[in-house]
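# Architecture and fold: a report
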Amino acid sequence: MGRNKYPEQTVEKIIITAARLFSEKGYEQTSIQDILDALKLSKGGLYHHFKSKEEILEAVIQKRAQYVFDSFHELIRNTKAENAKEKLKKILLQLADDSETHMFDKVLSSQANPYFVVGSMQSSMQQDAPTLCELIEEGIRDGSLQTTQPALCSEVFLMLLNYWANPALFGRNCAETKERLNYLQFVMRQLGLDILDDNIIASLAEAYG
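Now for a quick tour of the structure. Here the residue index of a chain counts from 1 through its sequence in written order. Given that the model is predicted, a residue must reach a pLDDT of at least 70 before its local features are reported, and side-chain atom pairs must reach 80 or more before they are shown or counted; all residues, however, enter totals for whole chains, interfaces and linings. With hydrogens and water excluded, all non-hydrogen atoms of the structure serve as input to the side-chain values.

Glancing now at the packing of aromatic side chains. In this scheme Phe, Tyr and Trp rings, the latter by its six-membered ring, pair at centre separations within 6.5 Å, and the angle between planes marks the pair as stacked below 30 degrees, edge-to-face above 60, and tilted otherwise. What the rule picks out here adds up to 2 aromatic pairs. Ring geometry for Phe 22 against Tyr 27: centres 5.1 Å apart, planes inclined by 70°, an arrangement best described as edge-to-face. For every residue, the accessible area obtained with a 1.4 Å probe (protein chains only) is divided by the maximum for its type, and the residue is called buried under 20%, exposed over 50%, and partly exposed between those limits. Given the relative accessible area of 0%, Phe 22 is considered buried. Among the residues examined, Tyr 27 registers a relative accessible area of 6% and is labelled buried. Consider the rings of Tyr 183 and Phe 186, whose centres lie 5.8 Å apart with planes at 40°: the pair is tilted. A residue pair is termed a helical-turn pair when its members lie 3 or 4 positions apart in one helix, as Tyr 183 and Phe 186 do in helix α9 (residues 174-190) at 3 residues. Classification of Phe 186 by relative accessible area gives partly exposed; the value is 43%. Secondary structure is summarised from DSSP: a helix means a run of H or I of at least four residues, a strand means a run of E of at least two, and numbering begins at the N terminus for each.

This is the structure:
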């Protein structure tokens, strides 16, 4: 990559390339030289934007959080359904099938640094949960959902789905993952948030696998 007069484009290319390499090789196994070779970038060109591999990883995680947030809102705007419950199910299925989201998740799980995992959880609670809560409240109003305390319910759902049921964080196999997704489906039904159907579970199990 030659000298780029648009630094934001260089930063974007570094983040995307590093995310791909972290996903394919693992964070620890990917060197700064690997990133430089893939980008055909000089050390000076990279260190002008990022001081360390850890700083690149943090940018990748921030990119993932923003990507999920933007994707969620775009799906909310563009997804049509007869009620909020069906809209949520369609959105979850599309997110489950999104390969880029899962690539970023593999990056997070490949680097088991508690700082980054906690940071991702905080982002999920601060950005994604309030958006999910709004849709749940819409479902309560239109009668398609009957859950109480939608704010807490949205947080519980995201924590269990994104972390507890994520096999990469715990080294689980496909069968163990599906067992947890099925149990999550049961738990959310008890809470009045019946939005995790068999098609979504199958898509998630395949993506996690």
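Okay, back to it.
Tracing the backbone shows Lys 89 in helix α5 (residues 84-96). Measuring from C-alpha to C-alpha, the distance between Lys 89 and Asn 199 comes to 9.5 Å, with 110 residues separating the pair along the chain.

Let's shift gears to unusual backbone geometry. In this structure, Lys 40 takes a positive phi of about 55° despite not being glycine. As for its placement among the helices and strands, Lys 40 is situated in the loop between α2 (32-39) and α3 (43-47).

The term salt bridge refers to a pairing of a side-chain nitrogen on Lys or Arg with a carboxyl oxygen on Asp or Glu at a separation within 4 Å. For the structure shown, the criterion picks out 8 salt bridges. With a closest N to O distance of 3.4 Å, Glu 24 and Arg 20 form a salt bridge. On the criterion of helical spacing, the pair formed by Glu 24 and Arg 20 is a turn pair, its members being 4 residues apart in helix α1 (residues 7-25). A relative accessible area of 55% places Glu 24 in the exposed class. Taking the relative accessible area as the measure of exposure, Arg 20 reaches 35% and is therefore partly exposed. Taking the shortest distance from any N to any O, the salt bridge between Asp 194 and Lys 85 comes out at 3.8 Å. Of this pair, Asp 194 sits in the loop between α9 and α10 (198-208) while Lys 85 sits in helix α5, and the two are 109 residues apart along the sequence.

Just geometry here; none of it tells us what the structure is for.
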